[in-house]
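# Analysis of the macromolecular model
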Amino acid sequence: MLGLEYFSFADKWTPMFLAFMLLLTAGYFLLTGPLSHRFQGSAPVSAGRKSLFVAGMITFYLAQGGPVNLLGHTMFSFHMVSMAMSYLMATPLLILGIPVWLWRAFDRINPFKKLGFLTHPIVAAVVFNGLFSFYHIPVIHDFVMLNFWVHRLYYLILLIASLLMWWAILNPIPEKDKSSGLMKMGYIFLNMVLLTPACGLIIFANEPMYATYSDPVVWANAMGYCVSGDTSALLSQFGGPEFFGYLEPAIDQRVGGIIMKFFQEIIFASMLAYVFFHWYKRENQEDDPLPGEVPSGNLNQA
C-alpha cells in the first residue's frame with residue numbers, strides 16, 4: 001500500500017523514536033498519577049484530558065516516526081500531512097492534555113522567562129509562520145532534508161515555535177491568560193493569513209520545485225533519515241520517488257499545498273469555535289449575579 005510493503009518494520013515504525021515517545025507518555029502518567037501529590041494544587045486528571053495528551057503523542061509519533069514520516073519522504077503531499085499533524089494537530093492536543101497545576105509547576109521553574117516576549121501572540125504567529133514558510137523555500141527545504149543535524153534542529157525549532165503559537169491561543173494558566181476572546185479570534189485569523197502565501201506559491205507552481213521529490217539522487221540521500229543501510233540501493237531497486245508516487249510530481253506538489261491549507265482552515269475554524277464558546281461562557285458567568293444579589297434588570301421590581 002503506497003509502497004510501504006517494500007520497507008522493513010524498523011523503517012516504517014522507527015522503534016527508537018517509539019520507545020522515546022512511550023517513555024514520555026509513561027512519565028506523564030507518573031506525574032499526573034502516583035507522583036501528583038508532590039505538586040502544589042494538584043488534583044485528579046480527568047480521563048478526557050489524559051485522552052487528549054495520548055492523542056497528541058500518537059499524532060506526533062505517526063507524523064515524525066511512523067508510516068506518515070516515511071511516506072513524507074516519497075511524496076510531497078504526505079510531507080504536508082506530516083507537517084499538519086505535527087504542528088497544527090499534535091501541539092494543541094498536548095497543551096490541552098496537561099493539567100493546569102502541572103503547567104503552573106513548569107512555569108515556576110521555567111529558566112526561559114526572559115524570553116517571555118516570544119509568547120506574545122503577534123510575535124509567536126510571525127515566528128512560527130515565518131519559519132514554516134522559510135523552510136518551504138525549495139533550496140532551503142532540500143538543504144534541510146539532506147543534512148541530518150540541521151534537519152533535526154530545524155524540526156525541533158518548528159515544534160517549539162508551534163507550541164508558542166498555540167500557547168497564545170490556548171494558554172491553560174488562567175492568571176497568565178491576558179488576551180480576550182476577541183483578541184484570540186483576531187490572532188487565529190492572523191495565523192490563517194500568514195500561512196496563505198507559502199501555500200499559494202506551492203499550489204500555483206507549474207513545475208516541481210523540490211529536488212527531494214523529483215531528483216532520484218537527492219531523494220535517495222534524503223531517504224537516509226528513514227531507511228537503514230546504503231540508500232543508493234534504492235536507486236537500483238526503485239529508480240526514484242516516482243515509483244511510489246500515485247501522482248505526477250507537479251500535481252503531487254499542488255495537492256500538498258492544498259492539503260496544508262485545508263488542514264489549517266479546518267483546525268483553525270474549529271479553534272475559532274472553541275475560543276468563541278469559552279469567551280461566551282466566561283462573559284455570561286461574569287454577568288451572572290452573585291448569590292443573594294438582584295439582577296440589574298430586576299432592580300425596579302425589587
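On a predicted model such as this, the values are computed, not experimentally measured, just so you know. (Residues numbered from 1 in each chain as written. Predicted model: local features only at pLDDT ≥ 70, side-chain atom pairs only at ≥ 80, totals over all residues. Heavy atoms only, no water.)

Glancing now at the overall build of the chain. On a plain count of helices and strands, the chain comes out with 13 helices and zero strands. Walking the chain from its N terminus toward its C terminus, one meets helices and strands in the order α-α-α-α-α-α-α-α-α-α-α-α-α. Buried residues in the chain amount to 43% of all 302 residues. For the chain, long-range pairs separated by at least 24 residues make up 79% of all intrachain contacts whose partners lie at least 6 apart in sequence. For the chain, the exposed surface amounts to about 15900 Å²; the carbon and sulfur share of it is 70%. Counting 16 positive and 18 negative side-chain charges, the chain places the centres of these two groups 14 Å from one another. (Helix = DSSP H or I, 4+ residues; strand = E, 2+ residues; numbered from the N terminus. Buried < 20%, exposed > 50% of the residue type's maximum accessible area, 1.4 Å probe, protein only. Contact = heavy atoms within 4.5 Å. Areas by Shrake-Rupley, 256 points an atom, 1.4 Å probe, with all protein chains shown as cover. Lys, Arg positive; Asp, Glu negative; His and termini not counted. Charge placed at Lys NZ, Arg CZ, Asp CG, Glu CD.)

We now examine empty space enclosed by the protein. With the rule as written, the count across this model stands at three cavities of 30 Å³ or more. Taken as a whole, the largest cavity spans an internal volume of roughly 80 Å³. Residue composition of the lining of the largest cavity, grouped by class: six nonpolar, two polar and three charged. Reported here for the second largest cavity is a volume of approximately 50 Å³. Looking at the second largest cavity, the residues that line it are Asn69, Gly72, His73, His79, Ser82, Met83, Met145, His151 and Tyr155. (1 Å grid on protein atoms, 1.4 Å probe; cavity = no way out; pocket = protein on both sides within 12 Å on 5 of 7 lines; lining within 4 Å. Points joined across faces, edges and corners; volume = space filled by probe spheres on them. Nonpolar A, V, L, I, M, F, W, Y, C, P; charged D, E, K, R; others polar.)

Glancing now at a nonpolar patch on the surface. Taken together, the side chains of Leu153, Leu156, Ile157 and Ile160 present a nonpolar region at the surface, about 350 Å² in accessible area. Judged by its relative accessible area of 38%, Ile157 falls in the partly exposed class. (Patch = residues over 30% accessible without salt bridge, like charges linked within 9 Å, V, L, I, M, F, W, Y side chains within 5 Å. Salt bridge = Lys/Arg side-chain N within 4 Å of Asp/Glu carboxyl O.)

Our focus in this paragraph is the nonpolar core. Of all hydrophobic cores here, the largest spans 58 residues; its most connected members are Met83, Leu88, Trp166, Ile169, Ile188, Met260 and Phe268. In this structure, Leu70, Trp219, Cys226 and Phe244 belong to the second largest nonpolar core, which totals 15 residues. (Core = buried A, V, L, I, M, F, W, Y, C linked by side-chain atoms within 4.5 Å.)

Considering the arrangement of structural elements, one finds Asn129 in helix α7 (residues 121-135). Given a relative accessible area of 3%, Asn129 falls into the buried group. In this structure, Asn129 is in contact with Asn191, Leu194 and Leu195, ignoring residues within four places of it in sequence.

This next bit is on the side chain of Asn171. For Asn171, the location among the structural elements is in the loop between α9 (148-170) and α10 (181-203). For Asn171, a relative accessible area of 12% translates into the label buried. At 3.1 Å, the side chain of Asn171 and the backbone nitrogen of Ile173 are in polar contact. Ignoring anything within four residues of it in the chain, the contact list for Asn171 reads Trp166, Lys176 and Asp177. (Polar contact = N/O pair within 3.5 Å; in protein donor to acceptor, adjacent residues only side chain to side chain.)

A few words now on the confidence of the model for the chain. The predicted model of the chain has a mean per-residue pLDDT of 90, with 94% of residues at 70 or higher. Helix α3 (residues 47-64) holds the highest mean pLDDT among the elements of the chain, 98, whereas helix α13 (residues 249-287) holds the lowest, 88. Considering only residues more than four positions removed or in separate chains, one finds that residues 288-302, a stretch of pLDDT under 50, has three contacts. (pLDDT = per-residue confidence, 0-100.)

Over its 15 residues, α7 runs 21 Å from end to end, which matches the ideal 21 Å to within 8%, given 1.5 Å per residue. Among the residues making up α7, those that are buried are Pro121, Ala124, Ala125, Phe128, Asn129, Phe132 and Tyr135. Buried residues in α7, looked at end-on, bunch into an arc of 130 degrees, giving them a common side. (Expected span 1.5 Å × (residues − 1). Arc of directions from axis to C-beta.)

With that settled, consider the packing of aromatic side chains. Applying the stated criterion across every chain, the model contains 28 aromatic pairs. Between Phe39 and Trp101, the aromatic rings sit 5.7 Å apart at their centres with planes inclined by 45 degrees, giving tilted as the arrangement. Highlighted residues: Phe39 in the loop between α2 (15-32) and α3 and Trp101 in helix α6 (residues 100-108), separated in sequence by 62 residues. The two residues Phe39 and Trp101 agree in class, both being buried. By the ring-pair criterion, three or more aromatic residues cluster together here, those being Tyr6, Phe7, Trp219, Phe238, Phe243 and Phe244. (Phe/Tyr/Trp six-rings, centres within 6.5 Å; stacked < 30°, edge-to-face > 60°.)

Further remarks concern α2. Side chains three or four residues apart in an α-helix point the same way, a direct result of the helix having 3.6 residues per turn. Counted at 1.5 Å a residue, the expected span for α2 with its 18 residues is 26 Å, and the 26 Å between its end C-alpha atoms agrees. Taken as a whole, α2 has its buried residues at Phe17, Met21, Thr25, Tyr28 and Thr32. For α2, the angular spread of the buried residues around the axis is 75 degrees, confining them to a single face. In this structure, α2 carries Met16, Leu22 and Leu23 as exposed residues pointing more than 90 degrees from its buried face. In this structure, the buried residues of α2 make contact with α3, α5 (76-97) and α6.

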